[in-house]
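# Structural overview for review
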Amino acid sequence: MAYVRRTGLRFDDQGMLLPHSILGSLEDFRSYLEAKGETELVKCIPKSSRYDPFEDPGRRHPEAVESGHGIPSGHRNVQSNALQHWDAHMTQRRQQQDFLSDLLDRPVENLLMSQTNHFRETQQKKEVLNRVTPLIHSGYGHRVGSEFWSLPQRYGDETSGIAATLTQTEQGRREPVTHVGQPSSIRQESGISCAETLRLPSRTWDLQHQRQELGEVLGATDIKQPEISGLEVIGSSGEVGISGRLVFFTMAGEIASSQLELHNEGSTAIYYSWEQLPMTNSFPNLITRTKSVKFYFNSSSGVICPGVTQQVEIIFKSEGDCIHTELWQLNTHPLLLQGASMQVTLRGVALYQDKTAAQRLFIQTELDERVKKKMRPSSPAELYVTEEQEFLSQNPGLSYHHQPVEELKRLWQEVHPEGTWDFSVHTLRQVVLSLREQESVQERSLAQLNSLFLQLSEPSQLNHLQLTPAAVGQHLWRKLLDTMDAEAVMLRNQLGLPQKDTWSDKKEEAPIADADVADNKDGKCEKKGGAAATEGRSRASATVKDDNTEKPVQVRAEKASVFV
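For clarity, every value in this text was computed on a predicted model and none was experimentally measured.

### As for the overall build of the protein
A count of helical and extended segments in the protein gives 16 helices and 14 strands. Residues classed as buried in the protein amount to 23% of the 564 residues present. Here the analysis covers contacts within the protein between residues at least 6 apart in sequence; of these, 61% occur between residues at least 24 apart.

### Some remarks on the confidence of the model for the protein
Residues of the protein with pLDDT of at least 70 account for 70%, and the chain-wide mean is 75. Per-residue pLDDT stays below 50 along residues 49-76; that stretch engages in 39 contacts with residues further than four places along the chain or on separate chains. Segment residues 505-564: pLDDT under 50, and 44 contacts once partners within four positions in sequence are set aside and those in other chains are kept.

### Brief notes about the pattern of salt bridges
Under the counting rule described, the total for this entry stands at 7 salt bridges. Glu319 is the salt-bridge partner of Lys317, the closest N and O atoms lying 4.0 Å from each other. Of the charged contacts, one joins Lys409 and Glu406 as a salt bridge, the two residues approaching to 3.6 Å between their closest N and O atoms. With Lys409 and Glu406 both in helix α11 (residues 402-415) and 3 residues apart, the pair spans about one turn of that helix. According to the relative accessible area criterion, Lys409 is partly exposed, its value standing at 24%. One continuous salt-bridge network, built from bridges that share partners, spans Glu387, Glu406 and Lys409.

### Things to note about unusual backbone geometry
At the junction of His333 and Pro334, the peptide bond is cis and its omega measures out at 5 degrees in the coordinates. Inspection of the secondary structure assignment puts Pro334 in the loop between β11 (322-333) and β12 (341-351). Within the chain, Asp105 stands out as a residue other than glycine whose phi angle is a positive 55 degrees. Inspection of the secondary structure puts Asp105 in the loop between α4 (81-104) and α5 (117-132).

### Concerning the environment of Trp412
The topology assignment puts Trp412 in helix α11. Remark: the alpha-carbon pair of Trp412 and Val431, spanning 19 residues in sequence, is separated by 8.5 Å. Leave out the neighbours within four places in its chain, and Trp412 touches Pro417, Gly419, Thr420, Trp421, Thr427, Leu428 and Val431. Of note is the side chain of Trp412, whose polar atom sits 3.2 Å from the backbone oxygen of Gly419.

### Points about the sheet that holds β12
Within the open sheet, the 5 strands sit side by side as β5-β12-β11-β7-β9. Their pairing is mixed. With one partner strand each, in any of the chains shown, β5 (240-251) and β9 (302-304) form the two edges of the open sheet. Sheet twist, expressed as the mean angle between neighbouring strand axes with direction ignored, is 30 degrees. Sheet topology note: the strand β7 (residues 270-277)/β9 ladder contains 3 bridges and is antiparallel. Its bridge partner lying in β9, Ile270 is registered against Ile304.

### Re the nonpolar core
Judged by nonpolar contacts, the single largest core of 22 residues is most densely connected at Phe248, Leu260, Trp274, Phe297, Ile314 and Leu346. For this core, the elements supplying multiple residues, two or more each, are β5, β6 (255-263), β7, β10 (309-317), β11 and β12. If one sorts the elements of this core by residue count, β12 sits on top with 4 residues. Apart from the residues within four sequence positions on either side, Phe297 is in contact with Trp274, Val312, Glu313, Ile314, Trp328 and Leu346. Counting residues in hydrophobic clusters, the runner-up holds 18 residues, among them Trp412, Val425, Val431 and Leu449.

### Some remarks on the sheet that holds strand β8 (residues 295-296)
Pairing in this open sheet of 3 strands is antiparallel, and the strands run β6-β10-β8 from one edge to the other. Every other strand in the sheet has two partners, leaving β6 and β8 as the edge strands with one partner each. In this structure, β8 lies alongside β10, joined through 2 bridges in antiparallel fashion. Among the inter-strand pairings, Tyr296 is bridged to a residue of β10, identified as Ile315.

Reading the values: rules and limits
- Residues numbered from 1 in each chain as written.
- Predicted model: local features only at pLDDT ≥ 70, side-chain atom pairs only at ≥ 80, totals over all residues.
- Heavy atoms only, no water.
- Helix = DSSP H or I, 4+ residues; strand = E, 2+ residues; numbered from the N terminus.
- Buried < 20%, exposed > 50% of the residue type's maximum accessible area, 1.4 Å probe, protein only.
- Contact = heavy atoms within 4.5 Å.
- pLDDT = per-residue confidence, 0-100.
- Salt bridge = Lys/Arg side-chain N within 4 Å of Asp/Glu carboxyl O.
- Polar contact = N/O pair within 3.5 Å; in protein donor to acceptor, adjacent residues only side chain to side chain.
- Pairing = 2+ DSSP bridges.
- Axes fitted to C-alpha atoms, helices over the stretch in contact; angles between N-to-C directions.
- Core = buried A, V, L, I, M, F, W, Y, C linked by side-chain atoms within 4.5 Å.

Here's what the structure looks like:
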């Protein structure tokens with residue numbers, strides 16, 4: 001119980017001065033009493049301005065001191081007073097709820113003081129129903145839709161009286177429905193742990209019945225109930241509370257712009273400033289280019305008044321093709337989101353613009369046309385096909401032999417001199433079989449064709465060479481001589497010996513030449529001169545006739561010498 005000791009001053013049952021009974025702060029009043037010498041009254045002034053009359057001074061909560069309740073008002077942050085008042089009142093509210101819950105033996109959620117928020121919710125529902133009801137009930141809200149004919153209310157007569165101005169609602173311009181609620185964190189601070197509390201059925205039955213009648217109309221009016229808990233933004237110091245991102249796409253050398261809106265929905269002016277945060281480099285070992293400004297906007301500090309929306313225009317421009325990213329932080333005073341940071345990421349992508357693409361395409365087209373005009377037609381593929389390839393393609397399974405094929409050509413000319421043979425044995429056989437009137441020619445031609453067919457059926461000797469002992473020995477001797485020659489050249493290079501000609505390409509005149517000339521002239525000693533010439537030669541020549549070509553062939557036998 002508080003009582004009055006002097007005029008204007010109020011004290012509690014413990015004899016301490018109540019802070020709200022004086023004007024000004026307790027520190028100023030203490031200084032005033034000390035100056036006047038009122039030492040007894042000074043003892044009745046509590047040391048903290050956050051004195052709680054329902055709390056024992058010996059059981060003061062330590063959080064109150066830590067949060068700055070014991071700090072003098074002159075040194076306390078003025079911007080944080082609202083939060084300190086809120087914490088103090090919520091602490092007192094929870095203590096009262098616990099006391100009443102124990103006294104009445106009822107849960108905290110069912111106390112009457114925990115149902116005060118339902119009144120605002122009920123008023124919002126009534127306002128929504130009042131706007132929808134005139135749409136289906138003609139007698140309700142007879143002025144809805146005809147506000148143009150409303151006359152202002154007059155006070156006094158027409159000459160000396162005044163007329164009241166119509167409100168916005170009376171003029172037909174109604175404000176949107178304002179939804180007010182408490183998120184889950186605020187309810188927990190208020191001492192309400194459950195989302196639903198006990199409601200009296202007599203208060204809600206009528207509203208539920210009306211909402212059921214107007215269910216279809218409510219859906220058509222598109223009046224939505226916002227989710228208050230989803231609109232809550234909770235932050236803490238050192239964390240990112242709000243993060244925004246702006247992406248710019250443009251060509252190199254061109255400008256791309258975008259706007260960032262800052263809206264103050266509170267009741268206090270907010271001072272802000274921009275700060276650029278360092279970005280982590282994914283490739284720190286690479287050499288970075290010279291830093292250049294690519295984002296342009298007003299990064300100076302400013303102030304946003306309550307209810308004002310400020311737009312910040314951001315421009316991105318890059319002279320070359322690149323992908324540039326910057327991170328900016330918005331610092332505010334007072335602190336918002338319980339100290340959580342508000343960051344904006346700016347990302348710009350500048351693409352390379354190919355300005356000479358059309359010119360290069362034109363030049364390429366001109367070159368292609370010129371090349372097509374000068375290009376000669378290619379020869380047909382049939383000209384490059386050999387006789388052997390054509391014969392094998394027409395007669396799969398047969399081998400090509402030159403002599404039998406030539407005989408087949410002559411046979412074709414005998415049986416069919418007018419046409420051209422396509423190298424097909426089957427075609428030649430059909431032509432031979434068609435000679436029925438000339439039986440003798442047909443039999444002889446068939447016999448020759450069968451004989452040549454058997455020769456062509458045998459595999460080619462070039463593809464199936466049989467290795468004889470003589471061929472193997474010749475191959476080994478050649479390999480040995482090649483190895484000796486390579487070793488001799490290597491030793492000569494290592495020892496530095498002079499290089500000598502191992503083969504003599506000069507032709508030696510035979511001594512018999514003069515003797516032959518003398519024999520032709522004088523006719524003497526032909527055998528002796530020939531024998532002497534044969535013994536003195538180191539290189540011999542002989543003329544042999546080839547039975548097939550009947551041409552002279554020169555055969556030489558030379559001596560090989562190897563020098564090391």
